[in-house]
Amino acid sequence: MKLALDIGLVVTSVLLIVLVLLHRGKGGGLSSLFGGGVQSSLSGSSVVERNLDRLTVFVGVIWLIFILGIGLDIKLS
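Residues numbered from 1 in each chain as written. Predicted model: local features only at pLDDT ≥ 70, side-chain atom pairs only at ≥ 80, totals over all residues. Heavy atoms only, no water.

**Points about a nonpolar patch on the surface**
Here is step 1 of the chain: Nonpolar side chains collect at one region of the surface, where Trp-63, Leu-64, Ile-67 and Leu-68 lie side by side and expose about 350 Å² of accessible area between them.
Here is step 2 of the chain: Relative to the elements of secondary structure, Ile-67 occurs in helix H2 (residues 47–76).
Here is step 3 of the chain: Owing to a relative accessible area of 33%, Ile-67 belongs among the partly exposed residues under this scheme. (Patch = residues over 30% accessible without salt bridge, like charges linked within 9 Å, V, L, I, M, F, W, Y side chains within 5 Å. Areas by Shrake-Rupley, 256 points an atom, 1.4 Å probe, with all protein chains shown as cover. Salt bridge = Lys/Arg side-chain N within 4 Å of Asp/Glu carboxyl O. Helix = DSSP H or I, 4+ residues; strand = E, 2+ residues; numbered from the N terminus. Buried < 20%, exposed > 50% of the residue type's maximum accessible area, 1.4 Å probe, protein only.)

**Points about the UniProt feature "transmembrane region" (unreviewed entry) in the chain**
Here is step 1 of the chain: Cross-referencing UniProt, the feature "transmembrane region" (unreviewed entry) maps to residues 55–74 in the present numbering.
Here is step 2 of the chain: Within the segment residues 55–74, helix and strand shares are 100% and 0% respectively, and the terminal C-alpha atoms sit 29 Å apart. (UniProt positions renumbered as here; feature names shortened; annotations may be inferred.)

**As for the environment of Trp-63**
Here is step 1 of the chain: Mapped onto the elements, Trp-63 comes out in helix H2.
Here is step 2 of the chain: Taking the C-alpha atoms as reference points, Trp-63 and Ser-13, 50 residues apart in sequence, are found 6.8 Å from one another.
Here is step 3 of the chain: Beyond its immediate stretch of four places on either side in the chain, Trp-63 contacts Leu-9, Thr-12, Ser-13 and Leu-16. (Contact = heavy atoms within 4.5 Å.)

**Some remarks on the pattern of salt bridges**
Here is step 1 of the chain: For the coordinates displayed, the defined rule picks out one salt bridge.
Here is step 2 of the chain: The residue Asp-6 makes a salt bridge to Lys-2 at a minimum N-O spacing of 3.4 Å. Residue Asp-6 and its partner Lys-2 are both found in helix H1 (residues 2–22); the two are separated by four residues, about one turn of the helix.
Here is step 3 of the chain: On the accessibility criterion, Lys-2 (41% relative accessible area) is partly exposed.

**A look at H2**
An α-helical turn contains 3.6 residues, so any two residues separated by three or four positions project in the same direction.
Here is step 1 of the chain: Between its first and last C-alpha atoms H2 spans 43 Å; for 30 residues at 1.5 Å apiece the expected length is 44 Å, and the two agree.
Here is step 2 of the chain: Every buried residue belonging to H2 is among Glu-49, Leu-52, Thr-56, Val-59, Gly-60, Phe-66 and Ile-70, and all of these are buried.
Here is step 3 of the chain: Looking at the buried residues of H2, the elements they touch are H1. (Expected span 1.5 Å × (residues − 1).)

This is the structure in structure tokens:
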């Protein structure tokens, strides 16, 4: 169980780092390299950015669950 939690934490940590780096900041960010820099004229952010936001939040919640699981595992053992 501990091994699965550790592996899941490492995978979600790396994925979370990549997703945060893909977000567009003031300077354009890495998302502009992959086509995420195209803005829609009707809204403040493109569909790609909104989906990237949702995916980042989802991975962040999964990361938090792994952190809590490891904490509970440490507390119970």
